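Descriptive analysis of the structure
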Amino acid sequence: MRFEMVEPNSTKMKVLFVCTGNICRSPVAKAVFIKKITSSGHADKVVVDSAGTHACHVGEKADSRSQHAAAFRGYSLIGHVARQVTVEDFAQFDLILAMDWKNLRQLQNMAPEHHRHKIELIMRYAQNYDDAEVPDPYYSDQAAFNVVVDYVEDAVSGLVESVTRRMLESNAA
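Residues numbered from 1 in each chain as written. Predicted model: local features only at pLDDT ≥ 70, side-chain atom pairs only at ≥ 80, totals over all residues. Heavy atoms only, no water.

Helices and strands together make up the secondary structure of the protein, namely five helices and four strands. When the helices and strands of the protein are read in sequence order from the N terminus, they spell out β-α-β-α-α-β-α-β-α. In terms of overall dimensions, the protein has a C-alpha envelope of 50 × 35 × 30 Å along the principal axes. Within the protein, buried positions represent 51% of all 173 residues. Considering only contacts in the protein between residues 6 or more positions apart, those separated by 24 or more positions represent 74%. Surface accessibility of the protein: about 8300 Å² in total, with carbon and sulfur atoms responsible for 52%. (Helix = DSSP H or I, 4+ residues; strand = E, 2+ residues; numbered from the N terminus. Buried < 20%, exposed > 50% of the residue type's maximum accessible area, 1.4 Å probe, protein only. Contact = heavy atoms within 4.5 Å. Areas by Shrake-Rupley, 256 points an atom, 1.4 Å probe, with all protein chains shown as cover.)

A few words on the pattern of salt bridges. Enumeration over the complete set of coordinates arrives at eleven salt bridges. For Asp 136, the salt bridge goes to Arg 25, with nearest N and O atoms at 3.7 Å. Residue Asp 136 is located in the loop between β4 (119–121) and α5 (142–172), and its partner Arg 25 is located in helix α1 (residues 25–39); the two are separated by 111 residues in the primary sequence. When its relative accessible area of 40% is taken as the criterion, Asp 136 is described as partly exposed. Here Arg 73 and Asp 150 are joined by a salt bridge, their closest N and O atoms 2.5 Å apart. Here Arg 73 is found in the loop between α2 (64–72) and α3 (87–92), whereas its partner Asp 150 is found in helix α5, with 77 residues between them in sequence. Among the residues examined, Arg 73 registers a relative accessible area of 28% and is labelled partly exposed. The exposure class of Asp 150 is partly exposed, given its relative accessible area of 25%. Residues participating in the shared-partner salt-bridge network are Lys 30, Asp 49, Arg 83 and Asp 89. (Salt bridge = Lys/Arg side-chain N within 4 Å of Asp/Glu carboxyl O.)

Dropping the structure here:
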């Protein structure tokens, strides 16, 4: 379920979080972003969604371990349904954030050339962790899912600052 439907010509900032199957990392990033952008008072200026580069989990809810790790920190993944990235996403979203290098490369290969500039690693926005990637916890234990929330919270804090700044600058122009 999307935070809000994407309107192609909207003046809202549109952010898409992407991992492999859209059941672990990207749903957590979406939930953390929604909560933090809402707390900042700018939720009405943003559209957010998440997707996976692979179709292996399309239609499934978030992994129970992700749900647990997120809920423990006050984030809800209730209602999440996994979906795969589409070609239309590259035109609709302003910022497409990959969780790791592998997904970044897959997105760059999928994207029309004139939309590739929108694709970045989410950890580019991290302020406390130096890692370039949010590690994939799928084949690990619950502790790995808790680490995902740690990394995502850090990166999303920086992302919210950046998105807010961009919105204020575009409104001033």
